[in-house]
Amino acid sequence: MAQLLSEEEIQQQLNNLPGWTREGAKLQCNRKFKDFVQAIEFVNKLVEPAESAGHHPDIEISYNKVKIILTTHDAGGLTKKDFDLAKVISQIS
Ligand SMILES: C[C@H](O)[C@H](O)[C@H]1CNC2=NC(N)=NC(=O)C2=N1
């Protein structure tokens, strides 16, 4: 099972991850698109990297806005897996 990161490690990782905030045991990112279709296209692009990583974000879609939430459920908090996937998601437009 992935190891929970220390408070210091979490802060270090967050400093290298613009656009993401930490909400307790979760990482969160809000993205806004032109319309619903573009928002769904973005969500579709997350499927392959999430499946490859065996790690799956919670996703909230509201018309043209997408909220992505990452946490490692089986570890009960934030692990390297969350930050690794967050970095990949940040590269997707
Ligand atoms: C067995 C399977 O790999 C696990 O249940 C994975 C699946 N995807 C997951 N995704 C997330 N975000 N957290 C997990 O702990 C998690 N666990």
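Use the structure listed above.
Structural notes, computed from the coordinates. For every chain, the first residue of the written sequence is number 1, and numbering continues from 1 onward in sequence order. Per-residue local features are limited, in this predicted model, to residues with pLDDT of at least 70; the limit for side-chain atom pairs, both in listing and counting, is 80 or more; totals at the level of whole chains, interfaces and linings are taken over all residues.

A word on the nonpolar core
Test applied: Definition of nonpolar core: a set of buried Ala, Val, Leu, Ile, Met, Phe, Trp, Tyr and Cys residues joined via C-beta atoms within 7 Å. Here a residue counts as buried when 20 or more other C-beta atoms sit within 10 Å of its C-beta, as exposed when there are 12 or fewer, and as partly exposed otherwise, the C-beta atoms being derived from the backbone. Under the scheme used here, helices are H or I runs from DSSP no shorter than 4 residues and strands are E runs no shorter than 2 residues, and both carry numbers assigned from the N terminus.
Formed by Leu5, Trp20, Leu27, Ala39, Val66, Ile68, Leu70, Leu78, Phe83, Leu85, Ala86 and Ile89, the largest nonpolar core amounts to twelve residues. Elements with a minimum of two residues in this core: strand 4 (65–70) and helix 3 (80–90). With four residues, the single largest contributor to this core is helix 3.

Points about the packing of helix 2 (residues 36–53) against helix 3
Going by this rule: All axes are obtained by fitting lines to C-alpha atoms, using only the stretch in contact for helices, and the reported angles, taken between N-to-C directions, cover 0 to 180 degrees. Each angle gets one of four labels, with under 35 degrees taken as roughly parallel, over 145 as roughly antiparallel, 65 to 115 as roughly perpendicular, and the rest as oblique. In this scheme, a crossing is called left-handed if the near helix is turned counterclockwise away from the far one by less than a right angle; it is called right-handed if the turn is clockwise. By definition, residue pairs are in contact when their C-beta atoms, positioned from the backbone, come within 7 Å.
Helix 3 packs onto helix 2 with a crossing angle of 155° between their chain directions and a minimal axis gap of 10 Å. The pairing of helix 2 with helix 3 is recorded here as roughly antiparallel in orientation. Two packed elements cross with a definite hand, and for helix 2 against helix 3 that hand is right-handed. From helix 2, Leu46, Pro49, Ala50 and Ala53 reach across to helix 3, where they touch Lys81, Asp84, Leu85, Val88 and Ile89.

Remarks on the pairing of strand 2 (residues 26–32)
Our working definition: Strands qualify as paired when DSSP identifies two bridges or more between them.
Here strand 1 (residues 20–23) runs beside strand 2; their pairing, made up of four bridges, is antiparallel. From the neighbouring strand, Glu23 faces strand 2, where its bridge partner is Lys26. In this structure, the hairpin formed by strand 1 and strand 2 is closed by a connection of two residues, where Gly24 is found at a positive phi of approximately 60°. Looking at chain direction, strand 2 and strand 4 are connected through six bridges and run antiparallel. In the sheet register, Lys32 faces strand 4, and the bridge partner there is Lys65.

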